[in-house]
Amino acid sequence: MKLYYKPGACSLAPHIVACEADLPVELVAVDLARKTLGDGSDYAAVNPNGYVPALDIGDGPVLTEASVVVQYLADRKPGSGLMPAAGTTERYRAQQWLAFVSTELHKQFSPLFKPNTPDATKEIQREILARRFAFVDDALADRTFLTGEGFTAADAYLFTVLRWADAMRLDMTAFPNIARFMAAVQARPAVRRALEAEGLA
Ligand SMILES: N[C@@H](CCC(=O)N[C@@H](CS)C(=O)NCC(=O)O)C(=O)O
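The sections below set out a description of the structure shown in this document.

Calculation rules
- Residue numbers restart at each chain and count upward from 1, following the sequence in its written direction.
- With the structure being a predicted model, the display of local features is reserved for residues of pLDDT at least 70 and the display and counting of side-chain atom pairs for 80 or more, all residues being used for whole-chain, interface and lining totals.
- Excluding hydrogens and water, the side-chain figures rest on all heavy atoms present in the structure.
- Residue burial is assigned from relative accessible area. The probe radius is 1.4 Å, only protein chains are included, and a residue is buried under 20% of its type maximum, exposed over 50%, and partly exposed in between.
- Only DSSP runs of H or I reaching four residues or more are called helices, and only runs of E reaching two or more are called strands; each is numbered from the N terminus.
- DSSP calls a pair of strands paired once it identifies at least 2 bridges connecting them.
- Throughout, a residue-residue contact means that at least one pair of heavy atoms, one from each residue, lies within 4.5 Å.
- To pair, rings of Phe, Tyr and Trp, with the six-membered ring standing in for Trp, must have centres within 6.5 Å; the planes then decide the type, stacked if under 30 degrees apart, edge-to-face if over 60, and tilted in the middle.
- Cation placement over rings: the criterion is NZ of Lys or CZ of Arg within 6 Å of the ring centroid and within 35° of the ring normal.
- Only buried residues count toward a nonpolar core, which is a set of Ala, Val, Leu, Ile, Met, Phe, Trp, Tyr and Cys residues joined through side-chain atoms within 4.5 Å.
- An automatic or database domain assignment provides the domain bounds reported here.

1. Thoughts on helix 5 (residues 153–162)
Most of helix 5 sits out of view: ten of its ten residues are buried. Ala153, Ala154, Asp155, Ala156, Tyr157, Leu158, Phe159, Thr160, Val161 and Leu162 are the residues of helix 5 that are buried.

2. Focus on the sheet that holds strand 5 (residues 63–64)
Ordered in space as 3-2-1-4-5, the five strands form an open sheet in which the pairing is mixed. What marks the edges here is a single partner per strand, and that holds for strand 3 (36–37) and strand 5. As paired strands, strand 4 (residues 54–56) and strand 5 are joined by two bridges and run antiparallel to one another. When the sheet's bridge partners are listed, alanine 54 is paired in strand 5 with threonine 64.

3. Remarks on the side chain of threonine 152
Structurally, threonine 152 can be placed in the loop between helix 4 (119–139) and helix 5. The contact partners of threonine 152, leaving out residues within four places of it in the chain, are Gly81, Leu82 and Thr147.

4. What to know about the packing of aromatic side chains
Applying the stated criterion to the full structure yields ten aromatic pairs. Note on tryptophan 97 and phenylalanine 100: the rings are 5.5 Å apart at their centroids and 85° apart in plane angle, and the pair reads as edge-to-face. Placement of both tryptophan 97 and phenylalanine 100 in helix 3 (residues 89–113) is noted, with a separation of three residues, approximately one turn of the helix. For the pair tryptophan 97 and phenylalanine 100, one class covers both residues: buried. Measuring from centroid to centroid gives 6.1 Å for phenylalanine 109 and phenylalanine 133, while their planes differ by 45°, and the two rings are tilted. Linking phenylalanine 109 in helix 3 with phenylalanine 133 in helix 4, this pair joins segments that are 24 residues apart in sequence. Of the two residues, phenylalanine 109 and phenylalanine 133, neither departs from the other in class, the shared state being buried. In textbook terms, an aromatic cluster arises when at least three aromatic residues are bridged by ring pairs, as seen for Phe109, Phe113, Phe133, Trp164 and Phe175. Above the face of the tyrosine 72 ring, arginine 76 is positioned so that its terminal group lies 4.1 Å from the ring centre.

5. Focus: the nonpolar core
Ranked by internal contacts, the top residues of the largest apolar core, which has 54 residues, are Leu105, Phe109, Phe133 and Ile178. If you list the elements that add at least two residues to this core, you get helix 1 (12–20), helix 2 (66–75), helix 3, helix 4, helix 5, helix 6 (164–167), helix 7 (176–186) and helix 8 (189–197). Looking at this core, you find at least three residues from each of domain 1 (2–80 + 191–197) and domain 2 (89–188). Leave out the neighbours within four places in its chain, and phenylalanine 109 touches Leu129, Phe133, Val161, Trp164, Ala165, Met168 and Leu170. In terms of nonpolar packing, the next biggest core, distinct from the first, is built from ten residues, Val28, Val52, Ala54 and Val62 among them.

Have a look at this one:
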């Protein structure tokens, strides 16, 4: 499998899951500004939407959408606990968190990265994010990870997205459970391997 990625972008989530599951995944860096690969070829030929992550699974077009790519990888190692078994209530709980991270966090961050987003819009996004952070912080009050004591693909995605708060200079002091969560995830050997491979450690 080949994972198209950019260091620190949302593609870090599937990278972490691959490391946690000990799956052999070849990393392929994408220049997102130019939409090219290292050899100068057009990334649109890989993913017409031009974004990462994209996973070449050797069976048709690349698999895209971070919340789905992490599940595909987790399901390659069913015993890993990275995703509960399909059809169980636990699976839907983990999927609920994946959808939340994707739509309520990841995509609320996105306008903050764009230089042409008006300041007023950025302020609205920061307010939305602060409300969502409060919800996550409450959820983490009595548990180490989103669904309990076991680390799942949803935690990999949450960790990936919350790392951006520092870069965006968001004030996270009101969210001590998030700070504890970030430290717990960062301390995992597989997560450290993924961060090091992306030059982020
Ligand atoms: N819908 C996609 C969005 C992925 C996405 O926003 N990727 C960002 C990096 S975190 C990206 O590649 N942005 C560059 C672009 O959209 O041109 C998903 O859920 O995976």
